[in-house]
Amino acid sequence: MTDAGASPFRRAGYRLLGPSFDYLLHTRPAEWPIMAAHTALGYLLAVGLSAAVAGASLGAAALGLVLWVVFLNGGTLAINSAFDKDEGDIGYLRQPPPVPRHLFGFGMALMLIGGALSLQLPAGFTAAYGVCFVMSVLYSVPPFRFKAVAGVDWIINMIGFGALTPYAGWALTGRPLDRPALLVFAAFAPLFAALYPLTQIYQFEEDRRRGDRTLALMLGEQASLLLALGATLAAFVLFGMAGAGRGWFAAAALGGWRGGLLVVACGAWLAVLLPWLARWRGMTPDQHQRGMYAALGAWAVTDVVIALGFGLA
């Protein structure tokens, strides 16, 4: 990983940390911006964009983001890698380095330290951290290893990444949860239900080799894509219900510009899923992987649309 073909980030990392940089790579820093944005979304919905710019609850939000993204999520991915021992590309990490000897202990230490520090933050955040800590262990660590149990892995990620991650950002402010915000967070559960099988399709061979029965492997490519399409539509119905709860449709026909933004975000998902459904039979694993990253782009568009639609006064 230190040769001339490595990325500048990897070359700099190995120059600074030597072989210990393998530990950091297995926390998958490429995912940190995505996780940080999804967590920060909840904070923005709680305080509003103008108050966020003014720095409302900024200290708690900054500490909480680091704990959730680096300690909890990074630690989770490290312990996951410790047992998967992937050799091919995995989500957010191309050409993973060999698994370091103490990777499991490193990942667990990150998660435990983050949990201890979370006690300084509002109780809702600490509770969400604790729930996700338990789910992370059940997801990755034998004899549980629910990531290898089709359907259970899906549900854990729907709850953890989909709904609880933006809720954790909201909880950092200590503000009570209202019904429209609850619907927004609930909507991200089916949206992640759409994304999750897309992250598995290109890994079929690796998963078969390990004996893992992932949701996408059990369903097959076409059914996974149809599931993603249905879950996406369900998510945007819930987003629309949340907008109705904030008075979008009473204030303007079809929700005005906010309703238009939802249409744009839904269109971004359809632009990924419909061509994928039409071409899946002839696609290579690399093409499926590119489809997964395109879906991540649609996710980012959705986060921005929800922040604008619900965060602007």
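Preceding block: the structure.
Residues numbered from 1 in each chain as written. Predicted model: local features only at pLDDT ≥ 70, side-chain atom pairs only at ≥ 80, totals over all residues. Heavy atoms only, no water.

Visitor: Account for the overall build of the protein, naming residues and giving values.
Guide: Looking only at helices and strands, the protein features 15 helices and 0 strands. Compactness check: the protein gives a C-alpha radius of gyration of 20 Å against a globular reference of 20 Å for 313 residues, within 12% of the reference. Along the first, second and third principal axes, the C-alpha set of the protein runs to 55 × 50 × 40 Å. For the protein, buried positions account for 54% of its 313 residues. Taking the intrachain contacts of the protein between residues at least 6 apart in sequence as the baseline, contacts between residues at least 24 apart amount to 76%. Per element, the accessible surface of the protein, about 13400 Å² overall, is 69% carbon and sulfur. Looking at charge distribution, the protein has the averaged site of its 20 positive side-chain charges lying 5 Å from that of its 16 negative ones. (Helix = DSSP H or I, 4+ residues; strand = E, 2+ residues; numbered from the N terminus. Rg over C-alpha atoms; globule rule 2.2 N^0.38 Å. Buried < 20%, exposed > 50% of the residue type's maximum accessible area, 1.4 Å probe, protein only. Contact = heavy atoms within 4.5 Å. Areas by Shrake-Rupley, 256 points an atom, 1.4 Å probe, with all protein chains shown as cover. Lys, Arg positive; Asp, Glu negative; His and termini not counted. Charge placed at Lys NZ, Arg CZ, Asp CG, Glu CD.)

Visitor: Mind laying out the nonpolar core, listing which residues take part and the relevant values?
Guide: One finds Trp68, Phe125, Tyr129, Val184, Phe239, Trp269 and Ile306 to be the most contacted residues of the largest nonpolar core, which totals 86 residues. In this structure, phenylalanine 125 is in contact with Gly64, Leu67, Trp68, Ser118, Ala168, Ala171 and Leu172, ignoring residues within four places of it in sequence. Counting 5 residues, the second-largest nonpolar core is a separate cluster that includes Tyr14, Phe21, Leu25 and Leu93. (Core = buried A, V, L, I, M, F, W, Y, C linked by side-chain atoms within 4.5 Å.)

Visitor: Residues and numbers for the environment of tyrosine 129, please.
Guide: Position of tyrosine 129 among the secondary structure elements: in helix 7 (residues 123-140). A residue is classified by how much of its surface remains accessible, and tyrosine 129, at 2% relative accessible area, is buried. In the structure, tyrosine 129 is positioned 64 residues away from alanine 193 in sequence and 21 Å away in space, judged by C-alpha atoms. With sequence-adjacent residues up to four places away left out, tyrosine 129 is seen in contact with Leu67, Trp68, Phe71, Leu72, Leu110, Met111, Gly114, Gly115 and Ser118.

Visitor: Quick one: what's the story with the packing of helix 3 (residues 32-47) against helix 5 (residues 58-84), residue by residue and with numbers?
Guide: At their nearest, the axes of helix 3 and helix 5 sit 10 Å apart, and the two run at 140° to each other. It follows from the interaxial angle that helix 3 and helix 5 lie oblique. The handedness of the crossing between helix 3 and helix 5 comes out as right-handed. Together, Trp32, Met35, Ala36, Thr39, Ala40 and Tyr43 of helix 3 and Leu58, Ala61, Leu65, Trp68, Val69, Val70 and Asn73 of helix 5 make up the contact between the two elements. (Axes fitted to C-alpha atoms, helices over the stretch in contact; angles between N-to-C directions. Parallel < 35°, antiparallel > 145°, perpendicular 65-115°, else oblique. Left-handed = near helix turned anticlockwise from the far one by under 90°.)

Visitor: Before we move on, can you summarise the packing of helix 12 (residues 221-245) against helix 15 (residues 285-311) with the specific residues and values?
Guide: Where helix 12 contacts helix 15, the axes come no closer than 13 Å and their chain directions differ by 5°. Taken together, helix 12 and helix 15 sit at an angle that is classed as roughly parallel. Between helix 12, through Glu221, Phe236, Phe239, Ala242 and Gly243, and helix 15, the contact on the second element is made entirely by His288, Thr302, Ile306 and Phe310.

Visitor: Now, about unusual backbone geometry: what can you tell me, with residues and values included?
Guide: Between proline 142 and proline 143 the backbone carries a cis peptide bond, its omega angle lying at 10°. One can find proline 143 in the loop between helix 7 and helix 8 (152-171). Despite not being glycine, arginine 28 has its phi angle at roughly 55°, a positive value. Assessed through its relative accessible area of 6%, arginine 28 is described here as buried. Of note, the phi angle at arginine 145 is positive, near 45°, even though the residue is not glycine.

Visitor: Quick rundown of the packing of aromatic side chains? Include the residues and the values.
Guide: Under the criterion given, the structure shown has 19 aromatic pairs. Ring geometry for tryptophan 248 and phenylalanine 310: centres 4.6 Å apart, planes at 40°, overall tilted. Placement of the pair is tryptophan 248 in helix 13 (residues 248-251) and phenylalanine 310 in helix 15, with a sequence separation of 62 residues. Clustering of aromatic rings is evident, with ring pairs tying together Phe161, Phe188, Phe192, Tyr196, Phe236, Phe239, Trp269 and Trp299. (Phe/Tyr/Trp six-rings, centres within 6.5 Å; stacked < 30°, edge-to-face > 60°.)

Visitor: Give a description of helix 6 (residues 103-118) that names residues and reports values.
Guide: Over its 16 residues, helix 6 runs 23 Å from end to end, which matches the ideal 22 Å to within 8%, given 1.5 Å per residue. Along helix 6, the positions that sit buried rather than exposed are Leu103, Gly107, Met108, Leu110, Met111, Gly114 and Ser118. Down the axis of helix 6, the sector holding all buried residues measures 155°, keeping them to one side. Among the structural elements, helix 2 (21-25), helix 5 and helix 7 are those in contact with the buried residues of helix 6. (Expected span 1.5 Å × (residues − 1). Arc of directions from axis to C-beta.)

Visitor: Any chance you could break down empty space enclosed by the protein for me, citing the residues and the numbers?
Guide: Scanning the model with the defined rule gives 1 cavity of 30 Å³ or more in all. Approximately 710 Å³ is the volume found for the largest cavity. For the largest cavity, the lining is made up of 34 residues, of which Leu77, Tyr139, Asn157, Phe192 and Tyr196 are closest to its centre. Sorting the residues of the lining of the largest cavity by element identifies helix 5, helix 7, helix 8, helix 9 (179-198) and helix 10 (204-210) as the ones contributing at least two each. (1 Å grid on protein atoms, 1.4 Å probe; cavity = no way out; pocket = protein on both sides within 12 Å on 5 of 7 lines; lining within 4 Å. Points joined across faces, edges and corners; volume = space filled by probe spheres on them.)

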